[in-house]
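Residue-level listing of the chains:
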Amino acid sequence: MTSARGRFAPSPTGRLHFGSLVAALGSWLFARSAGASWIIRVEDLDREREMEGAAGDILSTLDAFGLASDEAVVRQSARTALYADALARLARAGHAYRCWCSRSDLEPFGGIHPPACVAPARDRPPAWRLHVGSARIGFTDRVQGTQQQDLPRDVGDFVIWRADGACAYQLAVVVDDAAQGIGEVVRGADLLDSTPRQILLQRLLGLPQPAYAHLPLALGADGRKLSKHEAALAVDGREPLPALHAALRFLGQSASTERNVHMLLSRAACEFDAARIPRAAAVPPAFAAARNATA
Ligand code: GLU
């Protein structure tokens with residue numbers, strides 16, 4: 001049996017919003033209800049999308065919600081050597097290749113990268129791509145059920161190391177989840193279709209496959225996914241109870257009348273029932289009124 005050790009892995013691109021609170025709380029509940037530890041990892045490899053001060057802001061907001069990492073918070077920007085080692089192993093085994101393709105080079109292929117680089121010019125630093133071969137990857141998600149993806153048809157050879165010199169998300173997340181002993185990956189359903197790529201990387205690198213649970217996405221009133229850039233939907237650490245209640249209900253769990261955040265969370269972990277988590281994306285219940293009252 002794998003351990004249920006869990007993690008929350010925010011990218012510091014903006015303040016914590018309701019959707020990321022749901023992911024943090026959901027992953028915490030899965031881990032704690034199984035008596036396992038829970039850690040936070042800051043995914044700060046994409047320097048262009050990073051917002052100054054966001055990492056510290058996210059961590060202090062999570063802290064106010066009673067969601068503190070059991071171990072020192074790890075930042076991906078400090079772990080490049082680990083990722084480079086994984087890339088070197090993949091390249092040595094013939095699974096990865098240098099690629100100079102631009103987006104327009106891929107237009108004739110409908111954006112799906114073929115099994116080799118097709119760039120006419122090689123006048124800039126290359127990215128590295130993974131050969132997906134004929135991989136068809138299936139897995140059972142604890143919330144979303146049976147999943148199946150045909151990688152050459154739906155994804156194509158994908159970037160594992162970017163041309164700008166940064167390790168790509170797909171490789172870094174696989175290396176870190178294994179290095180940090182994560183047994184259950186619980187996150188938003190927007191990453192459901194990244195999972196087969198990550199499972200393929202785990203297989204090629206000989207790493208264990210964690211269990212997966214993809215939580216329903218929180219939608220804005222306009223029916224679109226909440227993004228961290230929508231500052232209006234940031235959650236307020238000064239008044240955590242309304243958002244915590246809303247997040248618990250969003251995950252299909254009941255919220256006790258407990259006024260203390262830590263007591264509320266430990267009650268929620270005792271009563272947690274993964275089978276009650278809805279699959280479908282939804283507009284979250286209103287908690288804005290309570291938040292505005294304290295602003
Ligand atoms: N860093 C990613 C994000 O904020 C999440 C990665 C993951 O949970 O695997 O969207």
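Residues numbered from 1 in each chain as written. Predicted model: local features only at pLDDT ≥ 70, side-chain atom pairs only at ≥ 80, totals over all residues. Heavy atoms only, no water.

### Observations concerning the site of the ligand
Step number 1: Neighbouring the ligand are ten residues; Arg7, Ala9, Glu43, Tyr169 and Arg187 lie closest to it.
Step number 2: In this structure, an oxygen atom belonging to the ligand sits 2.8 Å away from a side-chain N or O atom of Arg187.
Step number 3: Computed on the free molecule, the ligand has an accessible area of 300 Å², of which 82% lies beneath the protein chains in the complex.
Step number 4: Class assignment of the residues belonging to the shell around the ligand gives a composition of five nonpolar, one polar and four charged. (Near = heavy atom within 4 Å. Polar contact = N/O pair within 3.5 Å; in protein donor to acceptor, adjacent residues only side chain to side chain. Areas by Shrake-Rupley, 256 points an atom, 1.4 Å probe, with all protein chains shown as cover. Nonpolar A, V, L, I, M, F, W, Y, C, P; charged D, E, K, R; others polar.)

### Re the pattern of salt bridges
For side chains bearing opposite charge, pairing can occur when the charged atoms are close.
Step number 1: Applying the stated criterion across every chain, the model contains 18 salt bridges.
Step number 2: In this structure, Asp123 and Arg124 form a salt bridge, with 3.4 Å as the shortest nitrogen-oxygen distance.
Step number 3: Residue classification places Arg124 among the partly exposed residues on the basis of a relative accessible area of 37%.
Step number 4: Here the salt bridges do not stand alone but share partners, grouping Arg7, Arg41, Glu43, Arg79, Asp176 and Asp177 into one network. (Salt bridge = Lys/Arg side-chain N within 4 Å of Asp/Glu carboxyl O. Buried < 20%, exposed > 50% of the residue type's maximum accessible area, 1.4 Å probe, protein only.)

### Details of the packing of helix 6 (residues 169–179) against helix 7 (residues 195–205)
Step number 1: Taken N-terminus to C-terminus, the directions of helix 6 and helix 7 make an angle of 55°; their axes are 9 Å apart at the nearest point. The angle between helix 6 and helix 7 falls in the class oblique. Two packed elements cross with a definite hand, and for helix 6 against helix 7 that hand is right-handed. Only Arg197, Gln198, Leu201, Gln202 and Leu205 of helix 7 make contact with helix 6, whose side of the interface consists of Tyr169, Gln170, Leu171, Val173 and Val174.
Step number 2: Of the residues belonging to the contact of helix 6 with helix 7, the class tally is six nonpolar, three polar and one charged. (Axes fitted to C-alpha atoms, helices over the stretch in contact; angles between N-to-C directions. Helix = DSSP H or I, 4+ residues; strand = E, 2+ residues; numbered from the N terminus. Parallel < 35°, antiparallel > 145°, perpendicular 65-115°, else oblique. Left-handed = near helix turned anticlockwise from the far one by under 90°. Contact = heavy atoms within 4.5 Å.)

### Brief notes about the sheet that holds strand 3 (residues 74–75)
Step number 1: As summarised here, the arrangement of the three strands in space is 1-2-3, forming an open sheet in which the pairing is parallel. Whereas interior strands pair on both sides, the edge strands pair on one side only; in this sheet they are strand 1 (6–8) and strand 3.
Step number 2: Sheet topology places strand 1 next to strand 2 (residues 38–42); three bridges connect them, and they run parallel. Paired with Gly6 across the two strands is Trp38, which belongs to strand 2.
Step number 3: Across the face of the sheet, helix 1 (residues 18–33) comes into contact with strand 1 and strand 2 while running at roughly 165° to strand 1.
Step number 4: Helix 2 (residues 54–64) contacts strand 1, strand 2 and strand 3 of the sheet and is inclined by roughly 160° relative to strand 2. (Pairing = 2+ DSSP bridges.)

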